[in-house]
Amino acid sequence: MADLTNKNNVIMTTYKLKTGGKDFVNALLFDEIPEHVKSLEPDEYYVDNGTIFSFHVTDILFTHENDECYTFLNKSGLQRFTPSDALITMADGELTLIDKELFILGAEKHIL
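Residues numbered from 1 in each chain as written. Predicted model: local features only at pLDDT ≥ 70, side-chain atom pairs only at ≥ 80, totals over all residues. Heavy atoms only, no water.

### Considering the overall build of the protein
Looking only at helices and strands, the protein has two helices and 11 strands in total. Mapped in sequence order, the helices and strands of the protein form the string β-β-β-α-β-β-β-β-β-β-β-α-β. Residue burial in the protein is summarised as follows: out of 112 residues, 40% are buried. For the protein, the accessible area works out to roughly 6,600 Å², and carbon and sulfur atoms hold 54% of it. (Helix = DSSP H or I, 4+ residues; strand = E, 2+ residues; numbered from the N terminus. Buried < 20%, exposed > 50% of the residue type's maximum accessible area, 1.4 Å probe, protein only. Areas by Shrake-Rupley, 256 points an atom, 1.4 Å probe, with all protein chains shown as cover.)

The following block contains the structure:
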């Protein structure tokens, strides 16, 4: 599995799109959050009693709404990152959500 580190040291997994081309995308799945938070500096997240209350991906702050949802702002406004989503980085660096099941159907973890 190939991992890329973004500017705040959050590792996002690199996926190869199953389009037959050479397209790749960096993504974070909801269940990967605890592992990725471990890669952050202490001032880039807040954890209390095992609950992750906030963390950064690039310069975007994610905050705990409940155990199944983190919220963040992007150009489209307030977004809710849930277990049914995949968080991806667009070509312009924008973080956006897509349906996790559709993402998994169209991409696979890239092995070097």
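### Considering the nonpolar core
Judged by nonpolar contacts, the single largest core of 15 residues is most densely connected at Ile33, Phe55, Phe62, Tyr70, Phe81 and Leu87. At the level of elements, helix H1 (33-37), strand S5 (51-57), strand S7 (69-74) and strand S10 (95-99) are the ones that each hand at least two residues to this core. The biggest single contributor to this core is S5, with three residues. When residues no more than four places from it in sequence are discounted, the contact partners of Tyr70 are Phe30, Ile33, Ile52, Phe55, Phe62, Thr63, His64, Glu65, Gln79, Arg80 and Phe81. Among the nonpolar cores identified, the runner-up in size contains eight residues, and Tyr15, Leu29, Phe103 and Ala107 belong to it. (Core = buried A, V, L, I, M, F, W, Y, C linked by side-chain atoms within 4.5 Å. Contact = heavy atoms within 4.5 Å.)

### Remarks on the pairing of S10
Taken residue by residue, a regular strand's side chains alternate between the two faces of the sheet. Pairing geometry for strand S9 (residues 85-89) and S10, over five bridges, is antiparallel. Paired with Ala86 across the strands is Ile98, a residue of S10. In textbook terms, the turn of a hairpin is the stretch between consecutive antiparallel strands, and for S9 and S10 this stretch comprises five residues, one of which, Gly93, has a positive phi near 90°. (Pairing = 2+ DSSP bridges.)

### Examining the pattern of salt bridges
Side chains that differ in sign of charge can pair as their charged atoms come close. Tallying each qualifying case throughout the model produces three salt bridges. A salt bridge links Glu65 to Arg80, with the shortest nitrogen-to-oxygen separation between them at 3.2 Å. With Glu65 in strand S6 (residues 60-66) and Arg80 in strand S8 (residues 77-81), this residue pair connects regions lying 15 residues apart in the sequence. For Arg80, a relative accessible area of 43% puts it in the partly exposed group. A salt bridge links Lys75 to Asp92, with the shortest nitrogen-to-oxygen separation between them at 3.2 Å. With Lys75 in the loop between S7 and S8 and Asp92 in the loop between S9 and S10, this residue pair connects regions lying 17 residues apart in the sequence. Relative accessible area serves as the criterion here: at 68%, Lys75 is assigned to the exposed category. Judged by its relative accessible area of 55%, Asp92 is exposed. (Salt bridge = Lys/Arg side-chain N within 4 Å of Asp/Glu carboxyl O.)

That is the geometry; function is a separate question.
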